[in-house]
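# Working through the structure, step by step
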Amino acid sequence: MMMSKTIGVVSLLLLMSMFLALTAGKYPLSLGQINELIFSSHLSSDPRLSIVFWQIRLPRILAAILVGASLSAAGTAYQGMFRNPLVSPDILGVSAGAGLGASAAILLGLPMLFIQAFAFTGGITVVVLVCVIAKFTRRQDPVLSLVLIGIAIGTLCGAGISLIKVFADPYIELPSITFWLLGGLNSITLDDIAIAMPLIFIGLLPLFLLRWRMNLLSLPDDEAKAIGVNVTRLRIIFIISATLITACTVSIAGIIGWVGLVVPHICRTLTGANNQQLLPLSMAVGAILLLFTDTIARSVGTVELPLGIITALIGAPFFLILLMRRERL
Amino acid sequence: MDTKKRLLLKALASCGLLTAVPSTLWAMNQSLVFPFGKLPAANKIQRVLSAGAPADILLLALVPEKLLGFSAFEIPRNNPWFSQSIQTLPKLGRLSGRASTLSIEQLLALKPDIIIDSGSVTDTFRSQAERITALTGIPYLLVSGKLSDSAEQIRQVADVLGVVARAEPLANMAEKILTDARTFSLTQRKPLQFYAARGAKGLETGLAGSLHTEAAELLGLENVAKQAGRHGLGQVSMEQLLLWQPDVVLTQDESTYQHILTNSQWQGINAVQQRQVLHYPRFPFGWLDAPPGINRLLGLRRLHAHFDPKMQAGLQADTQAFFELFFHSTLSDESYQQLVKQP
């Protein structure tokens with residue numbers, strides 16, 4: 001009963017944020033015009049309306065939903081897998097790797113598609129590197145090894161980004177690198193989504209289908225093995241899926257912090273730690289949160305506030321309140 | 001202007017006696033240079049170090065033979081626009097607080113008689129200059145780098161470096177470019193609106209009042225990206241741009257320019273439809289920005305010529321004269337065509 005009520009409220013909130021996002025924006029679009037653009041077959045007298053709706057606003061809303069849901073799913077998976085509530089999707093260094101790739105591409109003056117490809121490759125490479133090194137470490141706890149190696153390689157990438165920033169032209173490339181690292185959806189196009197969406201779905205599918213097994217990973221490895229679970233294989237599947245998802249979102253939207261960390265916590269207070277319900281709920285709440293913050297980002301002032309800043313501004317205090325309440329963290 | 005006169009003006013200013021002086025006259029007489037440490041006599045200055053990109057251009061114009069190298073540029077050996085002697089100037093690195101790429105030890109090893117920096121003269125930059133002088137004992141000259149003050153900036157730095165006679169034609173040319181631009185700006189009844197596109201998708205921009213768009217604004221063009229209290233760089237959305245509908249879009253990077261021409265979202269912008277997307281690529285100095293030095297004078301002239309047929313007729317001669325005076329390089333007719341051709 002409680003669950004169905006939650007689902008009802010969340011669905012309603014998602015619909016409301018979508019409605020808000022569709023109607024809010026710099027370019028004035030009335031409900032009638034939106035209605036006409038969607039349902040009427042004849043072309044509008046002003047071709048700009050169609051560009052605003054189909055090529056700018058709608059892709060951006062889609063991207064916000066996709067990125068919010070993806071980051072939250074990845075965050076939920078990682079938190080469950082690493083049995084650690086402070087873990088976020090970039091724990092294995094995927095964001096740092098993507099940041100390094102993107103910064104290098106910007107330094108080389110490459111076009112957007114290459115920046116995105118470099119970011120994606122950088123993110124994936126770092127996680128592969130982390131996993132390979134973890135295989136060679138002799139620590140007893142494989143989970144702790146992964147986290148520590150992730151932090152180390154992430155720091156290394158951070159140093160690489162700083163080095164690139166030092167060499168970048170302070171008038172041209174440096175601001176672009178800074179903006180990219182702050183994250184945002186202001187430059188999303190349909191093409192970006194067309195490339196990222198299938199890859200994100202490929203990553204989401206195993207997470208979603210195997211979500212009940214995520215619960216087993218929260219048990220100590222010995223216990224999980226005792227009930228017949230191949231812990232290593234399961235962990236690898238989750239890492240590959242969550243990494244693919246995160247690398248895709250980072251390559252189209254830059255580094256957007258806090259969503260993947262905070263949303264699973266919010267949802268855990270609603271459903272408990274069972275991933276069967278937690279994962280879908282996290283995805284929905286993540287989508288709502290990002291859609292809402294992005295609507296703020298593009299509606300306030302003529303110049304946009306980077307999305308990463310708004311999510312942190314909203315996420316950090318919320319997280320602190322949760323910590324102070326110490327409920328089911 | 002001699003030092004005594006400048007001191008007198010400063011003293012008067014501090015007493016509040018200059019409030020009645022028109023602001024333009026005040027700008028002409030105001031000191032744009034801020035010395036730290038005891039400046040050597042002009043004839044003793046043989047080795048000059050540039051602290052940053054805008055100073056590179058200023059010093060290249062004034063004292064190419066005394067310039068130890070560029071702080072930010074490395075002109076390729078086969079660059080068709082610069083003479084051999086300028087192509088061989090090494091890139092030494094910049095002095096910029098903790099973002100410096102030239103170490104203090106390297107700086108000392110270069111044994112400059114003076115360090116010159118141009119650009120912002122806020123307390124941050126002053127304290128930085130002060131620290132370097134205190135640490136190395138090398139005098140440091142900080143120069144206010146506003147484009148509108150270019151002529152006076154050239155004269156005042158030339159005064160310190162003892163190259164007043166050489167600087168005069170440069171200052172005159174700067175003055176002429178600025179005056180022509182101001183005159184043009186007064187003839188515009190309805191100012192043209194521009195957007196300065198940056199970044200791979202063209203959605204980063206210099207906001208109104210920023211040094212990135214100073215040249216176009218001096219010409220009387222109106223920057224569409226305005227945000228009260230902000231004068232740096234910002235990100236905007238395509239929706240906002242469709243609403244602004246600038247008359248002209250300025251670009252300097254090939255990737256930005258190509259994206260704007262080919263991306264379907266940008267086709268909703270009138271300026272794109274009417275092919276009013278100007279692409280002024282770096283050579284390696286930027287025309288309107290990057291760096292925000294006196295190189296922008298040339299960009300200002302080029303932009304002016306784009307809108308004013310009278311200026312267009314003389315643009316090639318003006319550009320060639322500018323290269324001769326400021327870059328000490330002869331620009332052949334053929335090289336000029338290469339320099340300004342739109343890809």
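A few points on the structure.

Cut-offs and rules
Residues numbered from 1 in each chain as written. Chains lettered and ligands numbered in written order. Predicted model: local features only at pLDDT ≥ 70, side-chain atom pairs only at ≥ 80, totals over all residues. Heavy atoms only, no water. Helix = DSSP H or I, 4+ residues; strand = E, 2+ residues; numbered from the N terminus. Rg over C-alpha atoms; globule rule 2.2 N^0.38 Å. Contact = heavy atoms within 4.5 Å. Buried area = accessible area lost by both parts, 1.4 Å probe. Salt bridge = Lys/Arg side-chain N within 4 Å of Asp/Glu carboxyl O. Axes fitted to C-alpha atoms, helices over the stretch in contact; angles between N-to-C directions. Parallel < 35°, antiparallel > 145°, perpendicular 65-115°, else oblique. Left-handed = near helix turned anticlockwise from the far one by under 90°. Nonpolar A, V, L, I, M, F, W, Y, C, P; charged D, E, K, R; others polar. Buried < 20%, exposed > 50% of the residue type's maximum accessible area, 1.4 Å probe, protein only.

Next up on the list: the overall build of chain A. Along chain A, the regular secondary structure elements total 14 helices and zero strands. Listed N to C, the secondary structure of chain A is α-α-α-α-α-α-α-α-α-α-α-α-α-α in terms of helices and strands. Taking 329 residues into account, the globule formula puts the C-alpha radius of gyration at 20 Å, and chain A, at 20 Å, falls close to it. Principal-axis analysis of the C-alpha atoms gives chain A an extent of 70 × 60 × 40 Å.

Another point: the interface of chain A and chain B. Facing the 38 residues of chain A at the interface are 40 residues of chain B. Surface buried jointly by chain A and chain B totals about 3200 Å² across both partners, of which 56% is contributed by carbon and sulfur atoms. When the buried surface of chain A facing chain B is broken down by residue, A:Tyr171, A:Phe179 and A:Val303 rank first, second and third, together holding 23% of it. Where chain A meets chain B, there are three salt bridges. For the side of chain A that touches chain B, the secondary-structure elements that each account for two or more residues are α3 (47-81), α5 (112-136) and α7 (173-182) of chain A. Among the elements that line the side of chain A that touches chain B, the one with the most residues is α3(A), at seven residues.

Following the sequence through the fold, B:Arg296 ends up in helix α13 (residues 296-307). Filtering out sequence-adjacent residues up to four positions away, B:Arg296 remains in contact with B:Gly145, B:Lys146, B:Leu147, B:Leu211, B:Glu214, B:Ala215, B:Trp287, B:Leu288, B:Asp289 and B:Pro291.

Next up on the list: the packing of α3(A) against helix α11 (residues 231-253) of chain A. For any two helices packed against each other, one specifies the inter-axial angle together with the distance between the axes. Residue and element names in this part refer to chain A. Closest axis-to-axis distance for the α3/α11 pair is 9 Å, and the angle between their directions is 150°. Taken together, α3 and α11 sit at an angle that is classed as roughly antiparallel. The handedness of the crossing between α3 and α11 comes out as left-handed. Here α3 contributes Val67, Ser70, Leu71, Ala74, Tyr78 and Met81 to the contact with α11, which in turn contributes Arg235, Phe238, Ile239, Ala242, Thr243, Ile245, Thr246, Thr249, Ile252 and Ala253. A per-class count over the contact of α3 with α11 returns eleven nonpolar, four polar and one charged.

This part covers helix α11 (residues 254-262) of chain B. Within α11(B), burial applies to B:Ser255, B:Thr256, B:Tyr257, B:His259 and B:Ile260. Close packing links the buried residues of α11(B) with β5 (193-198), β9 (248-251), α12 (270-273) and β10 (277-279) of chain B.

These results come straight from atomic positions and should not be treated as a statement about function.
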